[in-house]
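A structural walkthrough
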Amino acid sequence: MKTQERIVEERVQITPVPRRKGRRVRKFFSRIFLGILLIFLMVGATVGLAYWTSLWPDTINMSSTCANMKAMNGMQMDGMDMSGSDGMCNSGSSSQKPISIDSLRAPTTAAHMATFTLTAGVKRLPLGQGETVEAYTYNGTSPGPTLHVRQGDLVVVHLINKLPVSTAIHWHGIRVPNSADGVAGLTQDAVKPGQSYTYRFVAQDAGTYWYHPHQHSYEQAEKGLYGLVIIDPTTPPVHDDIDASLSVHEWTFGDFRNFRHVELINGTARQQQIQASAGQWVRLRIANTSSNLKLLTLTGASFTVVALDGHDLNAPSPLRDTPVPIGGGQRYDLRFQMPKSGAVSLFRASLDTKWAFEKAPAVVIGQDNVQIMPPAKGTKWFDFSGYGQPAPTPITPQSHFAATYTITLNGHLGFMNGRFGPLHTINGQTFPNTPTIVVKPGDVTRLRIVNETTEYHPMHLHGHTFTVLSRNGHALTGSPVILDTVLVQPHESYEIAFLADNPGLWMEHCHNFFHAYMGMDMMVVYPNISTPYNVGNSSGNFPD
Ligand code: C2O
Ligand code: CU
């Protein structure tokens, strides 16, 4: 019995031990499992919340009426008084009937009219290096036709949409009346497939401009929808024997994770040839119609930068081999005299090669069978802040500014309208949560643009031109510089100022199409203007 009991006891004592251990192990693992599950749930909830809160409302209305601005809580720039005597929402203006964007139009007739039809469509195009792509075109080509008009002309453009998607045309740099600005959801509804739309504006300022969609511009402009507008001055300041234009573009494949691009000039990767003979004066109008910075230079002759964004510089001095950085959306007019012998060549560099120039020129002006000079190495990039000679100009650092706002450019990973990726922010926010600047007619407003990133941000203001006051804290010492797009290089800052002389609702954004798509847009508005159009899913209007 004793032995049996002992055996039983022993069994009793022995058997529970592994069981308890197993339970502990199981408990341990189930706790870990629960912990992991909890972490997953928390991460999931955070990501889900970030996704959810990033979604745009179905209808976003950009009217600058008091009620709407108040509804879009926190929309105005910090420090802007929206309710006080100086604010736009005092009893005076808020009780007035809003002005509709549709009433801000050009006249219907004028002494000189220039009428064009642009048909947007799809076409397979060769890129000039073996590859054929499905491009979006205007009148069957990319770039679309150059619209050549005279200063003062009333320009009428009929857009016919034969694309499978809706579109709209923006007239980049041209001070058009608000209703002709071509921003889907702001100044019009995007033009649906099969439909048409007419733009009308007076070509006030001479110079080099361009056009591109402002509906899904990231996709549509990059796929080929762009073209130049050249406005000839009523009295030309200089005579050019040859006036040639170059749209510098990149054809992109894949997305930002798997990115490849082909560099194009006037739609082809092939070398371009421009005929010119010794002694002739040549003007090259160069437009960067793509997102990334383009770095170019000319060899074989000294050259001057005669205009930036269409606006003449005062007393530009000759440059030799100077690399010229052209931000997305910007235009540079270069001018030179053909040498007695030899060609003038345009060389291109790219970010991919740490800005080393390509071996072969992209464009040869003159004969291509003559000796071609490669660009000198180590020359400093062109900087307009001390170029040319000072001249009287309406806006200077001493002007009276109605207000000064700081626009800080930055970025982080996150969600924007449900898309995950590198967000590009203005004062920490993405569009449409970025601050809005309110200007009154006659105001001169100063903007301080600070780039806290390592990227290039060509910042563009619609409907106005602005004067550059300073670069990195130093006032300009050369020619006045008037632009519609300022290239803010990594960690640079600029002060710019503009006169509010064109009432409406206007965009201010980075002209790297991808950056704009990822949030780097804001609004500059005049008080009490209403728009019947909306951005968002219910309207299908998406300006970027
Ligand atoms: Cu060239 Cu808002 O654009
Ligand atoms: Cu940018």
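For the structure itself, consult the block above.
Counting starts from 1 at the beginning of each chain's written sequence and moves along it residue by residue. The lettering of chains begins at A and the numbering of ligands begins at 1, in the order of writing. Residue-level local features of this predicted model are given only where pLDDT is at least 70; pairs of side-chain atoms are given and counted only at 80 or more, and the full residue set underlies all totals for whole chains, interfaces and linings. Only hydrogens and water are set aside; all other atoms, that is, all heavy atoms of the structure, feed into the side-chain values.

Moving on, we come to the coordination of the copper ion (ligand 2). Geometry reference: four tetrahedral donors at a metal, ideal angle 109.5 degrees. Six octahedral donors, ideal angles 90 or 180 degrees. Within the protein, His457 (ND1), Cys510 (SG) and His515 (ND1) serve as the donor atoms for the copper ion (ligand 2), at 2.0 to 2.1 Å. Note that water is not among the atoms used; donors are N, O and S atoms within 2.8 Å of the metal (3.2 Å for Na, K and Ca), so sites may look incomplete. In the primary sequence, the donor residues of the copper ion (ligand 2) line up as H-x52-C-x4-H. Here histidine 457 is found in strand E26 (residues 457-461), whereas its partner cysteine 510 is found in strand E32 (residues 505-510), with 53 residues between them in sequence. The pair histidine 457 / cysteine 510 is uniform in exposure class, with both members buried. Think of it this way: any DSSP run of H or I at least four residues long counts as a helix, any run of E at least two long counts as a strand, and we number them from the N terminus. Exposure classes here rest on a 1.4 Å probe applied to the protein chains alone. A residue is buried below 20% of its type maximum, exposed above 50%, and partly exposed in between.

We now examine the packing of aromatic side chains. Ring pairs are drawn from Phe, Tyr and Trp, using the six-membered ring of Trp, whenever the two centres fall within 6.5 Å, and their geometry is named by plane angle: stacked under 30 degrees, edge-to-face over 60, tilted for the rest. Across all of its chains, the model carries 18 aromatic pairs by this definition. Relative to tyrosine 199, the ring of tryptophan 171 has its centre 5.7 Å away and its plane inclined at 70 degrees; by these criteria the two rings are edge-to-face. Remark: tyrosine 199 occurs in strand E7 (residues 196-202) and tryptophan 171 occurs in strand E6 (residues 169-172); sequence separation between them is 28 residues. Considered together, tryptophan 171 and tyrosine 199 belong to a single accessibility category, that of buried residues. Aromatic rings pair up to connect Tyr138, Trp171, Tyr197, Tyr199, Phe201 and Tyr211 into one cluster. Lying across the ring of tyrosine 517, arginine 419 places its NZ or CZ 3.7 Å from the centre. By the criterion adopted, a ring carries a charge over it if an Arg CZ or a Lys NZ lies within 6 Å of its centre and within 35 degrees of its normal.

What follows deals with the layout of surface pockets. Both cavities and pockets are sets of points on a 1 Å grid over the protein atoms alone; in a cavity a 1.4 Å probe fits but cannot get out, in a pocket the set is open with protein on both sides within 12 Å along at least five of seven lines, and lining residues sit with an atom within 4 Å of a point. Grid points are joined across faces, edges and corners, and a volume is the space filled by probe spheres set on the points. Approximately 770 Å³ is the volume found for the largest pocket. Taken together, 33 residues line the largest pocket, and the ones lying closest to its centre are Glu250, Thr252, Phe259, Ser291 and Asn292. Contributions of two or more residues to the lining of the largest pocket are made by strand E3 (132-138), helix H5 (217-222), strand E10 (242-253), strand E11 (260-265), strand E19 (344-350) and helix H6 (513-517). The element best represented in the lining of the largest pocket is E10, accounting for four residues.

Examined against the element boundaries, asparagine 288 turns out to sit in strand E13 (residues 281-288). A sequence separation of 42 residues divides asparagine 288 from leucine 246, and the C-alpha atoms of the two residues are 8.6 Å apart.

Right, let's get into the sheet that holds strand E15 (residues 304-308). Here a strand pair is declared whenever DSSP counts at least two bridges between the two strands. Taken in spatial order, the six strands make up an open sheet running E11-E10-E13-E18-E15-E16, and their pairing is mixed. One side of each edge strand has no neighbouring strand; the edge strands of this open sheet are E11 and strand E16 (311-312). As defined by bridge partners, E10 adjoins E11 across six bridges and the pair is classed as antiparallel. Residue pairing across strands places glutamate 250 opposite glutamate 263, the latter belonging to E11.

All right, on to the nonpolar core then. Buried Ala, Val, Leu, Ile, Met, Phe, Trp, Tyr and Cys residues form a nonpolar core when they are joined through side-chain atoms within 4.5 Å. Counting residues in hydrophobic clusters, the biggest one holds 82 residues, and the most contacted among them are Leu284, Leu346 and Ile365. Domain delimitation follows an automatic or database domain assignment. When residues of this core are assigned to domains, at least three map to each of domain 1 (66-97 + 391-530) and domain 2 (113-386). Those residues in contact with isoleucine 365 that lie beyond four places of it in its chain are Ile274, Ala276, Val282, Leu284, Phe336, Met338, Ala343 and Val344. Counting residues in hydrophobic clusters, the runner-up holds 27 residues, among them Val157, Leu163, Phe201 and Tyr209. Contact definition: two residues touch when any of their heavy atoms are within 4.5 Å.

Turning our eyes to something else, we now look at the side chain of histidine 457. Residue histidine 457 is classed as buried on the basis of its relative accessible area, which comes to 0%. Separated by 2.9 Å, the side chains of histidine 457 and threonine 453 make a polar contact. Contact partners of histidine 457, with chain neighbours within four places excluded, come to Leu409, His424, Asn451, Val486, Leu487, Val488, Cys510, His515 and Met520. Polar contacts, as used here, are pairs of N or O atoms within 3.5 Å; protein pairs need one atom able to donate a hydrogen and one able to accept it. Residues neighboring in sequence count only if both atoms are side-chain atoms.

Attention now moves to the sheet that holds strand E24 (residues 436-438). Taken in spatial order, the five strands of this open sheet run E24-E33-E32-E26-E30, and their pairing is mixed. Whereas interior strands pair on both sides, the edge strands pair on one side only; in this sheet they are E24 and strand E30 (485-488). Strand after strand, the sheet turns through a mean of 20 degrees between neighbouring axes, direction not considered. Here, axes are lines fitted to C-alpha atoms. For helices the fit covers the stretch in contact, and angles between N-to-C directions go from 0 to 180 degrees.

Burial runs high along E10: 11 of the 12 residues are buried. Pairing between E10 and E13: seven bridges, direction parallel. Bridge assignment links alanine 244 to a residue of E13, and that residue is leucine 284.

Attention now goes to the side chain of arginine 331. Structurally, arginine 331 can be placed in strand E18 (residues 331-337). A polar contact is formed between the side chain of arginine 331 and the backbone oxygen of threonine 208, at a distance of 2.8 Å.

All right, on to the pattern of salt bridges then. By salt bridge we mean one thing: a side-chain nitrogen of Lys or Arg within 4 Å of a carboxyl oxygen of Asp or Glu. Summed over the entire model, instances satisfying the criterion amount to 18 salt bridges. The closest approach of N and O atoms between arginine 348 and glutamate 358, which form a salt bridge, is 3.3 Å. Placement of the pair is arginine 348 in strand E19 and glutamate 358 in the loop between strand E20 (356-357) and strand E21 (363-365), with a sequence separation of 10 residues. For arginine 348, a relative accessible area of 8% puts it in the buried group. Connected through shared salt-bridge partners, Asp240, Asp243, Arg283, Arg285, Asp333 and Arg335 make up one network.

By secondary structure assignment, the location of threonine 167 is in the loop between strand E5 (154-161) and E6. C-alpha separation for the pair threonine 167 and asparagine 541, spaced 374 residues apart in sequence, amounts to 9.0 Å. When neighbours within four sequence positions are excluded, threonine 167 is seen to be in contact with Leu159, Asn161, Gln188, Ala190, Val191, Pro213, Gln215, Gln220 and Leu225. A polar side-chain atom of threonine 167 sits 2.7 Å from a polar atom in the side chain of glutamine 220.

No statement about biological role is implied by the geometric values presented.
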